[in-house]
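# Close look at the chain arrangement
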Amino acid sequence: MAVALLELRQQRLNLAFETNKLHNQIEASQGQLWNQQLAIAVATAPDALAAAAKGKDLKLTGGEAAIGRSWVDDPNAGK
Amino acid sequence: MPTFSTSSAKGIIIMIAGLFAVMVGRVAYLQTYGRETTISRADRQQHVIMTLPARRGDIYDRNGLIMAGSVQTHDLFIDPKFMQDCFQEDGHSLGEMDQALDQLGAIIGQDSFDLAKMLGDRATSRFVKVAENLDDSSVQQIEALNLPGVGIQANSARCYPMGSLAAHVLGGCGTDGNGLDGLELKYNSLLSGRPGFARETKDAQRRPIGVDAQDYLAPQHGQHLVLTIDSNLQMIAEQELRDEVELVKGSKGEFVAMDPSTGEILALANYPTFNPQTLSDSSQDVRRNSAVVAPYEPGSTFKPFIVGPAFMWNVTTPWEVWSIPALTWYTPYGRAITDVEHYGDLCTWDGLVHSSNILMSQLSERMGNARLHQAITRFGFGKRTGIDLPREDCGVVYNLNKWTRKSTESIAQGYEIMVTPLQLARAFSVYANGGKLVTPHLLLGTVDENGKVVSRRAVNFDSLPQVIDPDTAAEVRRILCDVLIRGTAEGTRSKIWNIAGKTGTARIAEAHGYSATRFNSSFMCCAPYENPRLVVVCVVHDPDRTIAHYGGKVAAPAAVKFIERALTYMEVPGSPELPLPPPQMAGVLFDYSEKDYTDRNFGAIKEADETQPQGGQPEAAVDP
């Protein structure tokens, strides 16, 4: 009886250990996801994009290109 | 032959009985008096309680871009006593321990001697934090060493991926992770969440075995904030403000852009600015959110808030002509009031367009102090706007019983009263939205850690207080369109959108009166005139007078450039033709020409002639 009880106790401890390890792994992965999310945010921040696009001669919608005309009745609008 | 000695037997029995008695006594002690101590000691040996920090919530702009977030970092801690015990018990030498510390020091970039000294000084301690913010590769190397008593604890650090963008709105966090200013402080409790705990069971080697379910409370992570700020508009606002302040060599500047129908702040900028990531690199002055906490005397931008109620209360009409005989006019009690330019007699419409101090003084005299005070307070001046930022200033509006005879003219020109740029934006929204007083706010809603919406702010427009009737609001807005066409901001008119605005150039108060050479230049406007989507206030303090100092030359170009870029970004259709002034106005307007309104080919936005000195009298020449 005592041996069986000890065995059961040991199994419970092992299970708790495995669960704990898994939990830590999940948390670590979640932490890595957060870090990657922030890394993406740094690269896609408006000022970062503006700096990246500067001097690239990109035909962007909006900005100064649109100033000087009204697109309300522009037949080419949306094309 | 062995002999049996009864005395020896007695001695042995007594000894055994004594030992037994001691054992019983010890057991009795452990079960009674020493029970608590024993249990707590065993508990301390077998369990370790770990605090599980809650992750601080992120802050998103209205498009879902992260403005502030938390990155996971790792801290290295050592249990010096356990480490030493292990190295001694396992038959290792202390030299091997020093060798292990050498390896550890190399990974974390610390001198092993310093490390050993630190651990030696706290040899009896069970927890010494050795390094912070370790990267993943360092953590892996440390774990590979498999040193006894060495552990890694996950932590988080605040990160601002947009750098200094919206720094004054966000505020910043201290090293303890709590907000110090801005939204980080205002919503600290929402963002912080609640930490959890885990009571780990350890084996004899103090290695974690597991955590019982009842010994674990998951941390409640902080909620994410979704702001009304649009980071693209914020960037445009900061760019335009910075360019303008640097161009005119101003000491500082503020910029507020809000949606007049809801009170949502779309951009709020101050210059100079700072990076919330490195708060210690900036001074307290730079970190102050002046747009919200630093009131100033607005000068002529204040005039519409007197004219509107005057129309509503039938004190005057837009076409009433006022006698302005010369550049200087004397009040009934002999105070000299001066205009920048003499236009001759002006109607009320033109008084606003050309920002006539004399006309405004005469109008205020007619209104009387009581109605003047009532007009001001209706727009919310002298009270906090209620924006969700800490330390908001309520500005200065003296009680009516403290007003003097001079107050009438001073207030009419925007002196003897102090407002924040945010209060100006809120008050001008009244004209933009048809007469309602909105509450500026920055929080659009909150989202929990799983992305579920917890709260969402909804504005019931109809329930907002009505300050001005819609007809009066539309009338004043229409008059203010002329400011950019033929008034004090002439030359800043947009080719695409009709903009209604008002300039202000106020002398800066000094120790012994008002400065003759230092000014605050401001401009507030809304666009498009037909259905305003934006209200903008731009203030530049103390520009170099040899470059430019009038509100129409300093602040208006920046505000209009912002509006053009912002409305383009917001895909707001261009304005139709601006309606001509009513027929009864045509005969009384100064230098009226229908062509001014119908000809949209007036060229690109004219820049203020920044290279030429802008002399002349200040717009508001007040005898302080």
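Every value quoted in this text rests on a predicted model; they were computed, and no experiment measured them. (Residues numbered from 1 in each chain as written. Chains lettered and ligands numbered in written order. Predicted model: local features only at pLDDT ≥ 70, side-chain atom pairs only at ≥ 80, totals over all residues.)

### Comments concerning the overall build of chain B
Test applied: Each helix is a run of DSSP H or I of at least 4 residues and each strand a run of E of at least 2, with the numbering of both proceeding from the N terminus. The globule rule is 2.2 Å times the number of residues to the power 0.38, and the radius of gyration it is compared with is taken over C-alpha atoms. Residues with at least 20 neighbouring C-beta atoms inside 10 Å of their own are called buried, those with 12 or fewer are called exposed, and the rest are partly exposed, where every C-beta is derived from the backbone.
A tally of regular secondary structure across chain B gives 21 helices and 21 strands. Against the globule reference of 25 Å for 624 residues, chain B gives a C-alpha radius of gyration of 36 Å, more extended than a compact globule. Projected onto its principal axes, the C-alpha coordinates of chain B cover approximately 150 × 50 × 45 Å. Going through the 624 residues of chain B one by one, you find that 45% of them count as buried.

### What about the overall build of chain A?
When helices and strands are counted, chain A shows two helices and zero strands. With 79 residues in all, chain A has 9% of them scored as buried.

### Digging into the interface of chain A and chain B
Quick note on the threshold: Whether two residues are in contact is decided by their C-beta atoms, placed from the backbone, lying within 7 Å. Three classes are used: nonpolar for Ala, Val, Leu, Ile, Met, Phe, Trp, Tyr, Cys and Pro, charged for Asp, Glu, Lys and Arg, and polar for all others, with Gly counted as polar.
Facing 25 residues of chain A, the contacting portion of chain B comprises 28 residues. Elements represented by at least two residues in the side of chain A that touches chain B include exactly helix H1 (2–44) and helix H2 (46–53) of chain A. By residue class, the composition of the side of chain A that touches chain B is 14 nonpolar, nine polar and two charged.

### Describing the environment of Gly-151 of chain B
One can find Gly-151 of chain B in strand E5 (residues 150–159). For the pair formed by Gly-151 of chain B and Asp-75 of chain B, sequence separation is 76 residues and the distance between their alpha carbons is 8.4 Å.

### Focus: the confidence of the model for chain A
Counted only if it meets this: pLDDT measures the predictor's confidence residue by residue and takes values from 0 up to 100.
Predicted confidence across chain A gives a mean pLDDT of 74, with 72% of residues reaching 70 or more. Counting interchain partners and residues more than four positions distant, the pLDDT-below-50 stretch residues 62–79 of chain A has 19 contacts.

### Looking at the packing of helix H17 (residues 421–433) of chain B against helix H18 (residues 470–486) of chain B
Residue and element names in this part refer to chain B. The following threshold applies: Note on definitions: angles span 0 to 180 degrees between N-to-C directions of axes, and those axes are lines fitted to C-alpha atoms, for helices only across the stretch in contact. An angle counts as roughly parallel when it lies under 35 degrees, as roughly antiparallel when it exceeds 145, as roughly perpendicular when it falls between 65 and 115, and as oblique in every other case.
Where H17 contacts H18, the axes come no closer than 7 Å and their chain directions differ by 105°. When the interaxial angle is binned, H17 and H18 end up roughly perpendicular. Each of Val-430, Tyr-431 and Ala-432 in H17 lies in contact with H18, whose residues at this interface are Ala-473, Val-476 and Arg-477. Looking at the contact of H17 with H18 residue by residue, the classes come out as five nonpolar, no polar and one charged.

### A word on helix H10 (residues 231–247) of chain B
Put simply, the rule reads: Multiplying 1.5 Å by the residue count of a helix minus one yields the expected span of that helix.
With 17 residues, H10 of chain B ought to run about 24 Å at 1.5 Å a step, and its terminal C-alpha atoms sit 24 Å apart, in line with that. Within H10 of chain B, 12 of the 17 residues are buried, which leaves it mostly tucked inside the rest of the structure. Where H10 of chain B is buried, its residues contact H2 of chain A together with strand E3 (66–78), strand E11 (252–258), strand E12 (265–271), strand E21 (534–541) and helix H19 (551–569) of chain B. Where H10 of chain B ends, the next residue or the one after it, Lys-249 of chain B, has phi of about 55°, a positive value.

### Some remarks on the nonpolar core
Residue and element names in this part refer to chain B. Stated precisely, the cut-off is as follows: Working definition: the nonpolar core is a set of buried Ala, Val, Leu, Ile, Met, Phe, Trp, Tyr and Cys residues, joined through C-beta atoms within 7 Å. Domain boundaries shown here were taken from an automatic or database domain assignment.
Counting 130 residues, the largest nonpolar core has Ala-257, Phe-428, Val-536, Cys-538, Ala-559 and Ile-563 as the members making the most contacts within it. A total of 10 residues in this core trace back to one element, the largest contributor, which is H19. Both domains that meet at this core, namely domain 1 (49–72 + 152–227) and domain 2 (231–273 + 290–440 + 477–591), each give it at least three residues. Once residues within four sequence positions are removed from consideration, Phe-428 is found in contact with Met-524, Cys-526, Val-535 and Val-537. Counting 14 residues, the second largest nonpolar core, distinct from the first, contains Ile-78, Leu-104, Leu-119 and Ala-131.

### What to know about the domain arrangement of chain B
Residue and element names in this part refer to chain B. Domain annotation of chain B identifies domain 1 (49–72 + 152–227) and domain 2 (231–273 + 290–440 + 477–591). Relative placement of domain 1 and domain 2: their C-alpha centres are 43 Å apart. The interface is formed by 15 residues belonging to domain 1 together with 10 residues belonging to domain 2. Counting residues per element, the ones that place at least two in the side of domain 1 that touches domain 2 are helix H7 (167–170) and helix H8 (182–186). Class assignment for the residues of the side of domain 1 that touches domain 2 results in eight nonpolar, four polar and three charged.

### Let's talk about helix H15 (residues 357–378) of chain B
Here is the rule we go by: The angle separating two fitted axes, one through the seven residues that finish at a residue and one through the seven that start at it, defines the bend at that residue.
Taking 1.5 Å of rise per residue, 22 residues should cover 32 Å, yet H15 of chain B covers just 22 Å from first to last C-alpha, more than 12% shy of that figure. Where H15 of chain B bends most, the angle comes to about 100°, and this point is Gly-368 of chain B.

### Comments concerning unusual backbone geometry
Residues and elements named next belong to chain B. Put simply, Tyr-271 and Pro-272 share a cis peptide bond, and its omega is 0°. Relative to the elements of secondary structure, Pro-272 occurs in the loop between E12 and helix H11 (284–287). Put simply, Ala-527 and Pro-528 share a cis peptide bond, and its omega is -15°. Here Pro-528 is to be found in the loop between strand E20 (513–527) and E21. The backbone phi angle of Glu-571 is positive, close to 55°, even though this residue is not glycine. Take Glu-571: it is sitting in the loop between H19 and helix H20 (583–586). On the basis of neighbour count, Glu-571 is assigned to the exposed category, with 10 C-beta atoms found within 10 Å.

### Thoughts on the confidence of the model for chain B
All names here are of chain B. Scored by pLDDT, chain B comes out at a mean of 89, with 94% of its residues at no less than 70. Taken together, the stretch residues 603–624 has pLDDT below 50 and engages in 48 contacts with residues farther than four places along the chain or on a different chain. Predicted complex metrics record ipTM = 0.71 and pTM = 0.84.

### Regarding the packing of H2 of chain A against H10 of chain B
The geometry of H2 of chain A relative to H10 of chain B is characterised by a closest axis approach of 9 Å and an angle of 65° between their N-to-C directions. Here H2 of chain A is positioned roughly perpendicular relative to H10 of chain B, judged by the angle of their axes. Residues Pro-46, Asp-47 and Ala-50 of chain A of H2 of chain A touch H10 of chain B, and the partners they reach there are Ser-231, Asn-232 and Met-235 of chain B. Among the residues making up the contact of H2 of chain A with H10 of chain B, the classes are represented as three nonpolar, two polar and one charged.

### What about the pairing of strand E18 (residues 453–456) of chain B?
Defined as follows: Here a strand pair is declared whenever DSSP counts at least two bridges between the two strands.
Judged from the three bridges that link them, strand E17 (residues 443–447) of chain B and E18 of chain B form a sheet pairing that is antiparallel. The residue bridging Gly-445 of chain B from the neighbouring strand is Arg-456 of chain B, located in E18 of chain B.

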